Amino acid sequence: MREGSDAVSNAISEGPKPRVRIAPSPTGDPHVGTAYIALFNYVFARKTGGTFVLRIEDTDQERYTAGSEAAIFEALHWLGLQWDEGPDVGGPRGPYRQSERLPLYREQVAVLLAKGEAYRCFCTRDRLDEVRKQQLADKSPVLGYDGHCRAVDPADAVRRAEAGEAHVVRLRVPREGVTSFVDHLRSEPIVFENRLVDDQVLLKSDGFPTYHLANVVDDHFMGITHVIRGEEWITSTPKHVLLYRAFGWEAPAFYHLGLLRNADKSKLSKRKNPVSVFHYRDLGYLPETMLNFMANLGFSLGAEVERFTVAQMIEHFDWSKVSVGGPVFDPAKLESFNADDIRAMSVDQLYERLQERVLAPARIKAMLAQAQERVHRLDDFIPYLSFFFGGSVDYAPVRDKLKPVSGKSGKETAELLDTYAQEIERDNAARSFTAPALEAFSREFCQRHAVKPKELFMLLRLAVTGRTASPSLFDTMAICGKDRCRTRIRDVVVYLRTLA
RNA sequence: GGCCCUGUUGUCUAGCGGUUAGGACGUUGGCCUCUCACGCCGAAAGCCCGGGUUCAAUUCCCGGCAGGGUCACCA
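Reading the values: rules and limits
- Residues numbered from 1 in each chain as written.
- Chains lettered and ligands numbered in written order.
- Predicted model: local features only at pLDDT ≥ 70, side-chain atom pairs only at ≥ 80, totals over all residues.
- Heavy atoms only, no water.
- Phe/Tyr/Trp six-rings, centres within 6.5 Å; stacked < 30°, edge-to-face > 60°.
- Helix = DSSP H or I, 4+ residues; strand = E, 2+ residues; numbered from the N terminus.
- Buried < 20%, exposed > 50% of the residue type's maximum accessible area, 1.4 Å probe, protein only.
- Lys NZ or Arg CZ within 6 Å of the ring centre and 35° of its normal.
- Expected span 1.5 Å × (residues − 1).
- Arc of directions from axis to C-beta.
- Contact = heavy atoms within 4.5 Å.
- Polar contact = N/O pair within 3.5 Å; in protein donor to acceptor, adjacent residues only side chain to side chain.
- Right-handed = clockwise from strand over helix to strand, strands pointing away.
- Pairing = 2+ DSSP bridges.
- Axes fitted to C-alpha atoms, helices over the stretch in contact; angles between N-to-C directions.
- Near = heavy atom within 4 Å.
- Nonpolar A, V, L, I, M, F, W, Y, C, P; charged D, E, K, R; others polar.
- Parallel < 35°, antiparallel > 145°, perpendicular 65-115°, else oblique.
- Left-handed = near helix turned anticlockwise from the far one by under 90°.

Enquirer: Where do I start with the packing of aromatic side chains in this structure?
Expert: Between two aromatic rings, the relevant description is the distance of the centres plus the angle of the planes. Using the criterion set out here, one finds 25 aromatic pairs in the structure. Ring centres 5.7 Å apart and planes at 70° place the aromatic pair F181 and F254 in the edge-to-face group. Here F181, found in strand 5 (residues 178–181), pairs with F254, found in strand 9 (residues 253–257); they are 73 residues apart in sequence, far enough to count as distant. Neither residue differs from the other here; F181 and F254 are each classed as buried. Their ring planes at 50° and their centres at 5.5 Å tell us that Y420 and F441 sit as a pair that is tilted. One end of the pair, Y420, is in helix 16 (residues 410–426); the other, F441, is in helix 17 (residues 435–449), and 21 residues separate them in sequence. Like Y420, the residue F441 is buried in the burial classification. Members of the aromatic cluster, joined through ring pairs, are Y36, F40, F44, Y255, F299, F308, F317 and W319. Across from the ring centre of F337, 4.0 Å away, lies the NZ or CZ of R307, which sits over that ring. Here the guanidinium or amino end of R467 rests over the ring plane of Y384, the centre of that ring lying 5.5 Å away.

So this is what it looks like as structure tokens:
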């Protein structure tokens, strides 16, 4: 744990009310890492009587996926991390979606351009690639833009821009000196040499701001006082500090939290761990348990207390109790916490919880519709529906049926299934996980990969249900839900890889 | 590779110069018990390494090493 010179600013003090924010990007499923950062922002805001802002960073046209903004709201709501200002609840510093703030960024870029703190760059991608290749070949310690367009006469640059020549706007980073900032979670100031800092692109050629620009401009105009985010941002913080300086604004206080890790210590990723908040929700982890578990990853209430509520965390929160060594996200411990909490409930409470999601009437009815024509007695429904529940399924009874598709090895079949799971994420329709979309996608997938639908579908059926006979594969998948299917497909991928 | 961050049992952590280094998950032995689970009792397992500073370093300083992050017109 850090201490010393910074002890004073580490303490939570009075003064103007803090304003903090989380700024997720609507790409894919809401990530537990986002929830983790949100928790610390939320707790800090509540502790200090400050304001917790939710801002949507949707400046990347390429990666934007429909529906994921709503998914972020849903995930955060499930956890109970309510924000005070945001796209859905409004607030005095809106709008809270970056795509709705475009004029502001352009205006601010113009200011920088006028001050000479930024410049237009007309370099083509090809030239940029060349420069990079050369730097790599020369083993240059300095990787990045070479400043070619710094020399372009500003008046000339305006003319070219007005003539419609494609360009970006870059920050003019000082070539000399250092940029340093204080990270209030670490004892020493963090220092970067300016010559190693790239002339960051501020405005892309499509007129959208980059993260760096939008982030700084928004944090400033939204009055953000404390930036609490993941450690992955430390290296870009000097760019942000330089930007604040270029604008003549005061920078907020920075707190970089350690990154959640996989068991092998790499940054938590969906290849190695379930990372969707919905995965945990749908498999029946309790939101308060999730929160308590995540809180323990970097925050400690005291020597021998690890089970506590968010309210208790708020009550005792202090930055001196936060550690930053990237913690491994250990699902086994989460599970143990969850089991404890389930045990602590009354049967009535448990019954209530079950009805909220696991036994939600709409969900049960969807299952019954599938089982109706396949079951003879009412009492058979429950065992028949078993594969709609739980995480992994037992493949022992169908082990001999779990084999490579014709013409492929086990390993190749494993990769095929893995690709299938990944491509679902990238397909706009399939990602929604409705039966028709899944079917269309799956048939198209078979065609593209030259696999017989019959074979792939059986493999999927076995993976998802652990049975050779089931209701329509795609209805089954849709009802099981994306995360449950993904878990099971992953199980089979792992198994198939062990085959020749 | 350059730069940056981090470094207490396998994992999450407490510790802030002197402790039998504490707790939790996991592993493991036993008790309880019709079984399982729960519960209870016990065990193994840790201060990354090397130099300093000090009467005394897990703790402070320096250097290594290891892990991670980052080097985009992605965030």
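Now that the structure has been shown, the text picks up again.
Enquirer: I tried to follow helix 12 (residues 331–344) on my own but got confused; where do I start?
Expert: Because an α-helix packs 3.6 residues into every turn, residues spaced three or four apart end up facing the same way. For helix 12, built from 14 residues, the straight-helix expectation of 20 Å at 1.5 Å per residue is met to within 8% by its first-to-last C-alpha distance of 20 Å. Restricting attention to buried positions, one finds in helix 12 the residues L334, F337 and N338. The buried residues of helix 12 all sit within an arc of 100° when viewed along its axis, so they share a single face. Exposed residues pointing more than 90 degrees away from the buried face of helix 12 are listed as A332 and R343. In this structure, the buried residues of helix 12 make contact with helix 9 (277–282) and helix 10 (287–296). Backbone nitrogen of A332 and a side-chain oxygen of the N-cap are separated by 3.1 Å at the start of helix 12; the cap is D330.

Enquirer: Could you clarify how one ought to interpret the pairing of strand 1 (residues 19–22) in this entry?
Expert: The side chains of a regular strand alternate between both faces of the sheet. With burial as the criterion, each face of strand 1 is covered, one bearing R19 and R21 and the other bearing V20 and I22. With helix 2 (residues 32–48) bridging strand 1 and the parallel strand 2 (residues 51–54), this β-α-β connection has right-handed handedness.

Enquirer: How should I be thinking about the sheet that holds strand 3 (residues 118–121) in this particular structure?
Expert: Sheet strands associate in pairs through backbone hydrogen bonding, adopting either a parallel or an antiparallel arrangement. Here we have three strands laid out as an open sheet, ordered 3-4-7, and antiparallel in their pairing. At either end of the open sheet lies a strand with only one pairing partner, and these are strand 3 and strand 7 (201–203). Between one strand and the next, the sheet's axes are offset by a mean angle of 45°, whatever the strand orientation.

Enquirer: Can you walk me through the protein's contact with RNA strand B in this structure?
Expert: Contacts to RNA strand B come from 52 residues, most closely from R132, K204, E231, E304 and E306. When atoms of RNA strand B within 4 Å of the protein are split into backbone and base, the sugar-phosphate part holds 81%. Between RNA strand B and the protein, one listed contact pairs a phosphate oxygen with a backbone N or O atom of G298 at 2.9 Å. Those elements that place two or more of their residues in the surface near RNA strand B are helix 5 (125–137), strand 4 (168–171), strand 6 (190–193) and helix 12. The dominant element in the surface near RNA strand B, judged by the number of residues it contributes, is helix 12, at four residues. Looking at the surface near RNA strand B residue by residue, the classes come out as 21 nonpolar, twelve polar and 19 charged.

Enquirer: I would appreciate a short explanation of the packing of helix 16 against helix 17 in the present structure.
Expert: The geometry of a pair of packed helices is captured by two quantities: the angle between their axes and the separation between those axes. Where helix 16 contacts helix 17, the axes come no closer than 11 Å and their chain directions differ by 135°. In this view, helix 16 runs oblique relative to helix 17, as classed from their interaxial angle. The interaxial crossing formed by helix 16 with helix 17 has right-handed handedness. Residues L416, T419, Y420, E423 and I424 of helix 16 form the contact with helix 17, whose participating residues are L438, F441, S442, F445, R448 and H449. Of the residues in the contact of helix 16 with helix 17, the class split is six nonpolar, three polar and two charged.

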